[in-house]
Amino acid sequence: MSCFRRSVLALSWRRKLLPPLKLAWKISTCQLLSGRCPWPRAGPFRTSARTAQGPPSSHPSLADLQKDGGQQEQALVTYEDLFEEAQRQSGTRGTYERVLRAFCKRDIRRRGHVEFIYMALRKMPEFGVERELAVYNKLLDVFPKEVFVPRNYIQRMFNHFPRQQECAIQVLEQMENYGILPDVETKTLLIQVFGAKSHPLRKFQRLLYWFPRFRHVNPFPLPQPPPSDPVEIARLGLRRIANDLSSQVTVYQAPRSYLGPDALEVRVPHIVGIQSPDQRDLLARHDSRRPVFVEGPFPLWLRRTCVQYYILRGDPGAESPGIE
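My aim in this report is to walk through the structure given alongside it, one point at a time. Note that the structure is predicted; figures quoted are calculated from it, not measured. (Residues numbered from 1 in each chain as written. Predicted model: local features only at pLDDT ≥ 70, side-chain atom pairs only at ≥ 80, totals over all residues. Heavy atoms only, no water.)

## Let's talk about the overall build of the protein chain
We count it as follows: Helix numbers and strand numbers start at the N terminus; a helix is a DSSP run of H or I with at least 4 residues, a strand a run of E with at least 2. Relative accessibility under 20% of the residue-type maximum defines a buried residue, over 50% an exposed one, and the middle range a partly exposed one, all with a 1.4 Å probe and only protein chains included. Contact criterion: two residues are considered in contact whenever any of their non-hydrogen atoms come within 4.5 Å of each other. Calculation of accessible area relied on Shrake-Rupley with a 1.4 Å probe; when residues are assessed, cover is drawn exclusively from the protein chains displayed.
The helix and strand inventory of the protein chain stands at 15 helices and 8 strands. Expressed as a percentage of its 324 residues, the buried residues of the protein chain come to 29%. A sequence separation of at least 24 residues applies to 56% of the contacts in the protein chain between residues at least 6 apart. Accessible surface computed for the protein chain: about 22600 Å², of which carbon and sulfur atoms make up 54%.

## Some thoughts on the packing of aromatic side chains
Stated precisely, the cut-off is as follows: Only centres within 6.5 Å qualify two rings of Phe, Tyr or Trp (six-membered ring in Trp) as a pair; their planes then separate them into stacked at under 30 degrees, edge-to-face at over 60, and tilted for everything else. Remark: a charge is flagged as sitting over a ring if the NZ atom of Lys or the CZ atom of Arg is within 6 Å of the ring centre and within 35 degrees of the ring normal.
One pass over the structure, following the stated rule, counts 13 aromatic pairs. Here the aromatic rings of Tyr79 and Phe103 are separated by 5.8 Å at their centres, their planes lie at 80 degrees, and the arrangement is edge-to-face. One end of the pair, Tyr79, is in helix α6 (residues 79-89); the other, Phe103, is in helix α7 (residues 93-106), and 24 residues separate them in sequence. Pair check on accessibility: Tyr79 and Phe103 agree, each one buried. Here the aromatic cluster, defined as three or more aromatic residues joined through ring pairs, consists of Tyr79, Phe83, Tyr96, Phe103, Phe116 and Phe127. Here the basic side chain of Arg213 rests over the ring of Tyr209, its NZ or CZ set 3.8 Å away from the ring centre.

## Comments concerning a nonpolar patch on the surface
Here is the rule we go by: Each patch is built from residues that are more than 30% exposed by relative accessible area and take part in no salt bridge. Like charges join if they lie within 9 Å; nonpolar side chains (Val, Leu, Ile, Met, Phe, Trp, Tyr) join within 5 Å. We count a salt bridge whenever a side-chain nitrogen from Lys or Arg sits within 4 Å of a carboxyl oxygen from Asp or Glu.
Where nonpolar side chains cluster on the molecular surface, the patch consists of Tyr153, Ile154, Met157 and Phe158 and spans about 510 Å² of accessible area. Tracing the chain through its elements places Tyr153 in helix α10 (residues 153-157). Residue classification places Tyr153 among the exposed positions, given a relative accessible area of 60%.

## As for the nonpolar core
The following threshold applies: In plain words, nonpolar cores are sets of buried Ala, Val, Leu, Ile, Met, Phe, Trp, Tyr and Cys residues tied together by side-chain atoms within 4.5 Å.
Phe83, Tyr96, Phe116, Met124, Tyr136, Leu139 and Phe143 are the most contacted members of the largest nonpolar core, which has 40 residues in total. Counting residues per element, the ones that place at least two in this core are α6, α7, α8 (113-127), α9 (133-140), α11 (162-177), α12 (184-194) and α13 (199-214). Looking at this core element by element, the count peaks at 8 residues for α8. If we skip the residues at most four places from it in the chain, Phe83 touches Tyr96, Val99, Phe116, Met119, Ala120, Lys123 and Phe127. Counting residues in each nonpolar core, the second largest holds 6 residues, with Val231, Leu238, Val249 and Ile274 among its members.

## Observations regarding α11
Quick note on the threshold: The span expected for a helix works out to 1.5 Å for each residue beyond the first.
Over its 16 residues, α11 runs 22 Å from end to end, which matches the ideal 22 Å to within 8%, given 1.5 Å per residue. Regarding α11, the residues found buried are Gln164, Gln165, Cys167, Ala168, Val171, Leu172, Gln174 and Met175. Structurally, α11 contributes buried residues whose contacts are with α8, α9, α12 and α13. Phi turns positive, to about 75 degrees, at Gly179, one or two residues after α11.

## Topic: empty space enclosed by the protein
Using the following cut-off: The pocket and cavity definitions rest on a 1 Å grid over protein atoms only: a 1.4 Å probe that fits but cannot leave marks a cavity, an open set with protein on both sides within 12 Å along at least five of seven lines marks a pocket, and residues lining either have an atom within 4 Å of a point. Grid points are joined across faces, edges and corners, and a volume is the space filled by probe spheres set on the points. Polar here means any residue other than Ala, Val, Leu, Ile, Met, Phe, Trp, Tyr, Cys and Pro, which are nonpolar, and Asp, Glu, Lys and Arg, which are charged; Gly is therefore polar.
Under the criterion given, the structure shown has 1 cavity of 30 Å³ or more. There is about 50 Å³ of room inside the largest cavity. Lining the largest cavity are Leu222, Pro223, Pro226, Pro227, Ile233, Leu236, Leu302 and Thr305. When its residues are assigned to classes, the lining of the largest cavity shows 7 nonpolar, 1 polar and no charged.

## Digging into the environment of Ile274
If you trace the backbone, Ile274 turns up in strand β6 (residues 271-275). Along the chain, Ile274 and Gln248 lie 26 residues apart, while their C-alpha atoms are 5.5 Å from each other. Setting aside residues up to four positions removed in sequence, Ile274 forms contacts with Leu238, Arg239, Ala242, Ser247, Gln248, Val249 and Gln279.

## A closer look at the pattern of salt bridges
Evaluated as defined, the whole model comprises 14 salt bridges. Among the ionic pairs, Arg235 bridges to Glu232, the shortest N-O distance being 3.9 Å. You can see Arg235 and its partner Glu232 sitting in helix α14 (residues 230-241), 3 residues apart, about one turn around the helix. Exposure remark for Glu232: the relative accessible area of 36% places this residue in the partly exposed category. The closest approach of N and O atoms between Asp281 and Arg285, which form a salt bridge, is 3.1 Å. For Asp281, a relative accessible area of 40% gives the class partly exposed.

This is the structure we're talking about:
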């Protein structure tokens, strides 16, 4: 308390910022804690020109990040422009990883890493790396290590650094959407970044528990990656619709293209059908004087590929046995 009084006396004598000394001693502790102190406010602090400018509103380009060990240059762009510039060069996995390495070398504290990771997640399909486990691990490696680890049980109980944990959970959810099973390296990175009892690690444990159990649940598994031939895709879709092992798939017309009379390319679509033995028997005994209707198209999604199919429908006749 004596040190505080001496500092108040020195300020009142040198800069005359305080009221008379007798009034200064009457200020209560409650006024000091509540901010209702009657002392006049001092002027703004003087800082250097480098500090007064504040942080830049944008981020360096890919070429600038690779110069002088990651130091910033004059040209500044956003993170989205950074990935777009890399995609114009070559939208491959190597270019994507080069952007991640350039960001990690830019600053040892990894400032702006949350925004960068969200943008990197959005740009994954454009580079074709949305199903690469090694790329997801390198994306988790962008987080600074041992910074967000809770130091006591109170921090662990109140969701320590929630913004960073939600970002890591978003990375794991995108892995779940694409069917990517995390490995031991993913667990090691999560422990180094968030600790052993964090929410991202619990998400990792749930993925590791449920993914092997639901991997072979689908009775109509699709190959990965799906075939590019439209006839093969049609076969897979028809097998899923007609759940009968005795059904037979018939290719009535294969896809082809030819040049028309006006030198324009004419494409002929493919026609693929499936029938069971009972359906063929009913169609053979159908009266030709009664019409058969074609209904459709109906959509069928095979992962990210949509297949359009049609059905033949006829009104049941009185001569058909077993049909009302």
